[in-house]
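Summary of structural features
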Amino acid sequence: MSTNKLRIIVGAGKASAAPPLGPALGQRGIQIPKFTKEFNDQTGHLKPGTPMRVVVNSDRQAKTYAFKVMNPQTSWFLKKAAGVEKLAHHPNRADPIATLSLKHCYEIAAAKKRGDASMDRFTLQGMVRTVVAQARNTGIYIVKGRKDDPDPNAKKEDA
């Protein structure tokens, strides 16, 4: 029994036989049309093109496979929240490329924890710390609150 493990990033709902996915699956003896249909059905509810991490375990002799779809990488969440295309490679050499609130980091950590059962072993507080550290290491400045965040202590005025 020879099992193969393939780790690849595929856009949600966009799996196709085109490279790089098709050749990688074909080399492992996986039926490409069947995999792409199952993957696209499983990720159809997500925004098309969201880069999902996928782990495919295959047994070439038995011609079977199983795959697990996981959340996008934290860097993708940070880029979307900050509204930037690229993160800084050398954050200490330049000004911050964006500013996020601690609330954004909490939401990113909560989304990652909700979407992946393997994250159950981590506390939400620990995951928030990890997101904050990654944000700082990629040139994003973290503040306790932003001007556009609603103030939970503010009194609502009657109109």
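Everything below is about the structure printed above this text.
Okay, so let's go over this structure. Keep in mind the model is a prediction, meaning the values are calculated, not measured.

Let us look at the environment of Ala88. Summarising the element assignment, Ala88 is placed in the loop between helix 3 (74-82) and strand 4 (98-101). The residues touching Ala88, leaving out its near neighbours within four places in the chain, are Ile97, Asn137, Thr138 and Gly139.

Contact geometry for helix 4 (residues 102-115) and helix 5 (residues 124-137): axes closest at 8 Å, N-to-C directions at 120 degrees. By the angle between their axes, helix 4 is oblique relative to helix 5. Between helix 4 and helix 5 the crossing geometry is right-handed. Touching Leu102, Cys105, Tyr106, Ile108, Ala109, Ala110, Lys112 and Lys113 of helix 4 are Leu124, Met127, Val128, Val131 and Val132, all from helix 5. Taken together, the residues of the contact of helix 4 with helix 5 sort by class into 11 nonpolar, no polar and two charged.

Contact geometry for helix 3 and helix 5: axes closest at 10 Å, N-to-C directions at 70 degrees. Considering their axes alone, helix 3 and helix 5 lie roughly perpendicular with respect to each other. Our pair here, helix 3 against helix 5, has a crossing hand that is right-handed. Of the residues in helix 5, those in contact with Thr74, Ser75 and Leu78 of helix 3 are Val131, Gln134 and Ala135.

Our next topic: the packing of aromatic side chains. On inspection of all chains with the given rule, the structure shows six aromatic pairs. Between Phe35 and Phe39, the ring centres sit 6.1 Å apart and the planes meet at 15 degrees, which makes this aromatic pair stacked. Here Phe39 and Phe35 lie together in helix 2 (residues 32-42), a separation of four residues that amounts to about one turn. With relative accessibility at 0%, the residue Phe39 sits in the buried group. Judged by centre distance (4.9 Å) and plane angle (65 degrees), the rings of Phe35 and Phe67 are edge-to-face. Here Phe67 lies in strand 3 (residues 64-70) and Phe35 lies in helix 2, a separation of 32 residues in the sequence. Of the two residues examined, Phe35 and Phe67, each falls in the buried class.

This next bit is on the environment of Ala109. Within the fold, Ala109 resides in helix 4. It is 6.7 Å that separates the C-alpha atoms of Ala109 and Val131, two residues lying 22 residues apart in sequence. Residues contacting Ala109, with those up to four places away along its chain left out, are Leu124, Met127, Val128 and Val131.

To continue, consider helix 5. An ideal rise of 1.5 Å per residue puts 20 Å on 14 residues; helix 5 measures up with 20 Å between its terminal C-alpha atoms. Taken residue by residue, helix 5 has Met127, Val128, Val131, Val132 and Ala135 as its buried positions. An end-on view of helix 5 places all buried positions within 140 degrees of arc, on one side of the element. Set apart from the buried face of helix 5 by more than 90 degrees, the exposed residues are Arg129, Arg136 and Asn137. Where helix 5 terminates, the next one or two residues include Gly139, which has phi positive at roughly 90 degrees.

About the criteria used
Residues numbered from 1 in each chain as written. Predicted model: local features only at pLDDT ≥ 70, side-chain atom pairs only at ≥ 80, totals over all residues. Heavy atoms only, no water. Helix = DSSP H or I, 4+ residues; strand = E, 2+ residues; numbered from the N terminus. Contact = heavy atoms within 4.5 Å. Axes fitted to C-alpha atoms, helices over the stretch in contact; angles between N-to-C directions. Parallel < 35°, antiparallel > 145°, perpendicular 65-115°, else oblique. Left-handed = near helix turned anticlockwise from the far one by under 90°. Nonpolar A, V, L, I, M, F, W, Y, C, P; charged D, E, K, R; others polar. Phe/Tyr/Trp six-rings, centres within 6.5 Å; stacked < 30°, edge-to-face > 60°. Buried < 20%, exposed > 50% of the residue type's maximum accessible area, 1.4 Å probe, protein only. Expected span 1.5 Å × (residues − 1). Arc of directions from axis to C-beta.

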